[in-house]
Amino acid sequence: MGSYREHLRVPASWWLLGFITMATFASFVWAGFSPLAAVVSYVVLLGGPAVVLLIWGSATIMVSDGELRAGRATMPLAQAGHVQALDEAQTRQLRGPLADPAARMMLRPYLRQAVFVEVTGDQPARPYWLIGTRHPAELAAAIDRSRPQARTGDTSVA
């Protein structure tokens, strides 16, 4: 049984703004052309960004069975070191000026807060994970709760 799950859906305001913007662009492209050009411009300029937003918003964060999953990437929680919920300013620093290019980052521009997870072990490929989330305190707590189980190999729920 999972102890944390979050879908990083794109906010409705982004969908609305994107729809209005792309409908306006499609109208500019269509102006003065045939009805077929109108259909093609609306399908391409509204459908393309919609597909991108759907794919972008399909990412999931999960903590379960001794693993942390962020999108397609997984990390055994036995390798998790220091875990910290970050506020907006700390997240901004770690995604910008203090960022390590080798770090695993799963961020979205509409998520202002994140969780920092240090990767321990002998020469880890990634020094840390930075995961954007709407609920940083809950995600950090779930990682902390699941770490003892991951280190002992016990994935049963008490």
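Whatever comes next refers back to the structure up there.
Calculation criteria
- Residues numbered from 1 in each chain as written.
- Predicted model: local features only at pLDDT ≥ 70, side-chain atom pairs only at ≥ 80, totals over all residues.
- Heavy atoms only, no water.
- Helix = DSSP H or I, 4+ residues; strand = E, 2+ residues; numbered from the N terminus.
- Rg over C-alpha atoms; globule rule 2.2 N^0.38 Å.
- Buried < 20%, exposed > 50% of the residue type's maximum accessible area, 1.4 Å probe, protein only.
- Contact = heavy atoms within 4.5 Å.
- Expected span 1.5 Å × (residues − 1).
- Arc of directions from axis to C-beta.
- Patch = residues over 30% accessible without salt bridge, like charges linked within 9 Å, V, L, I, M, F, W, Y side chains within 5 Å.
- Areas by Shrake-Rupley, 256 points an atom, 1.4 Å probe, with all protein chains shown as cover.
- Salt bridge = Lys/Arg side-chain N within 4 Å of Asp/Glu carboxyl O.
- Phe/Tyr/Trp six-rings, centres within 6.5 Å; stacked < 30°, edge-to-face > 60°.
- Lys NZ or Arg CZ within 6 Å of the ring centre and 35° of its normal.
- Pairing = 2+ DSSP bridges.
- Axes fitted to C-alpha atoms, helices over the stretch in contact; angles between N-to-C directions.

### Some points on the overall build of the protein
Okay, step 1: The helix and strand inventory of the protein stands at 4 helices and 8 strands.
Okay, step 2: Seen in sequence order, the protein has helices and strands lined up from the N terminus as β-α-α-β-β-β-β-α-β-β-β-α.
Okay, step 3: The C-alpha atoms of the protein give 20 Å as radius of gyration, which overshoots the globular expectation for 158 residues (15 Å, by more than 25%).
Okay, step 4: C-alpha atoms of the protein, sized along the principal axes, occupy 70 × 35 × 25 Å.

### Examining the environment of Ala102
Okay, step 1: In this structure, Ala102 sits in the loop between helix H3 (88-95) and strand S6 (104-106).
Okay, step 2: Taking relative accessible area as the criterion, Ala102 reaches 31% and is therefore assigned partly exposed.
Okay, step 3: Each C-alpha atom of the pair Ala102 and Ala125 lies 7.5 Å from the other, and the pair is 23 residues apart in sequence.
Okay, step 4: Not counting residues up to four positions away in its chain, the partners in contact with Ala102 are Ala125, Arg126 and Pro127.

### Digging into helix H1 (residues 12-30)
Okay, step 1: The terminal C-alpha atoms of H1, which comprises 19 residues, lie 27 Å apart, in line with the 27 Å expected from a rise of 1.5 Å per residue.
Okay, step 2: When H1 is considered as a whole, its buried residues turn out to be Met22, Ala23 and Ala26. Relative to the axis of H1, the buried residues are bounded by an arc of 110 degrees and lie together on one face. Of the exposed residues in H1, the ones pointing more than 90 degrees away from its buried face are Ser13, Leu16, Leu17 and Phe28.
Okay, step 3: Among the structural elements, helix H2 (35-56) are those in contact with the buried residues of H1.
Okay, step 4: One or two steps after H1, the chain reaches Gly32, where phi turns positive at roughly 90 degrees.

### Observations concerning a nonpolar patch on the surface
Okay, step 1: On the surface, Leu36, Val39, Val40, Val43 and Val44 cluster together into a nonpolar patch covering about 470 Å² of accessible area.
Okay, step 2: Note on placement: Val44 falls in helix H2.

### Focus: the packing of aromatic side chains
Okay, step 1: Scanning all chains against the criterion turns up 4 aromatic pairs.
Okay, step 2: Centroid distance Trp14 to Tyr110: 5.3 Å. Interplanar angle 75 degrees. Geometry classified as edge-to-face. In this pair, Trp14 is assigned in helix H1 and Tyr110 in the loop between S6 and strand S7 (113-119), connecting sequence segments 96 residues apart.
Okay, step 3: Each ring, one from Trp56 and one from Tyr110, has its centre 5.8 Å from the other, and the planes form 80 degrees; the classification is edge-to-face. You can see Trp56 sitting in helix H2 and its partner Tyr110 sitting in the loop between S6 and S7, a full 54 residues away along the chain.
Okay, step 4: A relative accessible area of 27% places Trp56 in the partly exposed class.
Okay, step 5: For Tyr110, a relative accessible area of 13% corresponds to the buried category.
Okay, step 6: Through successive ring pairs, a cluster of aromatic residues spans Trp14, Trp56 and Tyr110.
Okay, step 7: The ring of Trp129 has Arg104 sitting right over it, with the charged end atom 5.9 Å from the ring centre.

### Considering the sheet that holds strand S5 (residues 80-86)
Okay, step 1: Pairing is mixed across the open sheet formed by 4 strands, whose spatial order is S5-S7-S8-S6. Because the sheet does not close on itself, it has two edges, and the strands there are S5 and S6. The average undirected angle you get between the axes of adjacent strands in this sheet is 10 degrees.
Okay, step 2: One ladder, built from 6 bridges, connects S7 with strand S8 (residues 128-133); its direction is antiparallel. In the sheet register, Ala114 faces S8, and the bridge partner there is Gly132.
Okay, step 3: Helix-sheet contacts for H3 involve S5, S6, S7 and S8, and the interaxial angle to S5 is about 125 degrees.

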